[in-house]
Amino acid sequence: MNRLMVNVLNVAIAAALATGLAACNRNADAGTSNGSAALDSGSSADAGAKYAKVVSVDPVRSTANNPREVCHDETVTHTAPPKDQHRIAGTAIGAVVGGLVGNQVGGGKGKTLATVAGAVGGGYAGNRIEASRQHAQVTTSVERKCSTVNNTSSKIVAYDVRYVYNGVTRTVRMDHDPGDRVQVQEGVTAVSDAR
């Protein structure tokens, strides 16, 4: 257990030293012992490289609309009316059969009256029988339905960087996030890898 504690302490001390050295290197790169004062004023020990403090970085987004077609199969039901909507066939067959049956009854004028009555009654009966047996024809089919769906996407295309140089706040558009400072030359922002 003591050996584990010693190893943990060694790692912690090494990390603290590495952090301290990194901070020293950053101040040396800025060319000053007081980092924040140098960043605000833009002064540097190196006459060619001057840095400005970054105040804010705002991403600039571009939105693109990519419409695409989405399709699916849908079952559709169709109802077709019967072929003989007025039931003419049933009425005609019923009238003929009724007339024949009526003709078998009675004699003389009664026979003619029975034939006519049988034809009328048979026609009506034939019409009703056909109506009870007739059904609409139902058919189903599969149809392809398509619609357009908007597929919107957004991506970062640039960064609006606000920085302070010699007490003046300026804004520049850059293709990357510069971090906490940008390199400037005579007040013009240059690309900087400083973080």
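In this report, the structure presented in the accompanying data block is examined. (Residues numbered from 1 in each chain as written. Predicted model: local features only at pLDDT ≥ 70, side-chain atom pairs only at ≥ 80, totals over all residues. Heavy atoms only, no water.)

**Focus: a nonpolar patch on the surface**
The grouping of Ile93, Val97 and Val101 at the surface amounts to a nonpolar patch, some 280 Å² of accessible area in total. Here Val97 shows up in helix α3 (residues 88–103). Accessibility expressed as a relative area gives 46% for Val97, which makes it partly exposed. (Patch = residues over 30% accessible without salt bridge, like charges linked within 9 Å, V, L, I, M, F, W, Y side chains within 5 Å. Areas by Shrake-Rupley, 256 points an atom, 1.4 Å probe, with all protein chains shown as cover. Salt bridge = Lys/Arg side-chain N within 4 Å of Asp/Glu carboxyl O. Helix = DSSP H or I, 4+ residues; strand = E, 2+ residues; numbered from the N terminus. Buried < 20%, exposed > 50% of the residue type's maximum accessible area, 1.4 Å probe, protein only.)

**Some remarks on the packing of α3 against helix α4 (residues 109–133)**
Running from N to C, α3 and α4 point in directions that differ by 150 degrees, and their axes come no closer than 6 Å. One finds that α3 runs roughly antiparallel with respect to α4. By crossing handedness, the relation of α3 to α4 is classed as right-handed. Of the residues in α4, those in contact with Ile88, Ala89, Gly90, Thr91, Gly94, Ala95, Gly98, Gly99, Gly102 and Asn103 of α3 are Lys111, Ala114, Thr115, Gly118, Ala119, Gly122, Gly123, Gly126, Asn127 and Glu130. Each residue belonging to the contact of α3 with α4 can be placed in one class, and the counts come to 5 nonpolar, 13 polar and 2 charged. (Axes fitted to C-alpha atoms, helices over the stretch in contact; angles between N-to-C directions. Parallel < 35°, antiparallel > 145°, perpendicular 65-115°, else oblique. Left-handed = near helix turned anticlockwise from the far one by under 90°. Contact = heavy atoms within 4.5 Å. Nonpolar A, V, L, I, M, F, W, Y, C, P; charged D, E, K, R; others polar.)

**Brief notes about the environment of Gly118**
You can see Gly118 is positioned in helix α4. For Gly118 and Val101, which are 17 residues apart along the polypeptide, the C-alpha to C-alpha distance reads 6.4 Å. Setting aside anything within four residues of it in sequence, one finds Gly118 in contact with Gly94, Ala95, Gly98 and Gly99.

**So, the pattern of salt bridges**
For the structure on display, the rule yields 3 salt bridges. Here Asp73 makes a salt bridge to Arg144, at a shortest N to O gap of 2.8 Å. With a gap of 71 residues between them, Asp73 in strand β2 (residues 68–80) and Arg144 in strand β3 (residues 137–149) connect regions that are remote in the sequence. A relative accessible area of 52% means that Asp73 is categorised as exposed. In this structure, Asp160 engages Arg173 in a salt bridge whose closest nitrogen and oxygen atoms are separated by 2.8 Å. Of this pair, Asp160 sits in strand β4 (residues 152–165) while Arg173 sits in strand β5 (residues 168–174), and the two are 13 residues apart along the sequence. For Asp160, a relative accessible area of 23% translates into the label partly exposed. In this structure Arg173 comes out as exposed when scored by relative accessible area, which is 53%.

These values are about where atoms sit, not about what they do.
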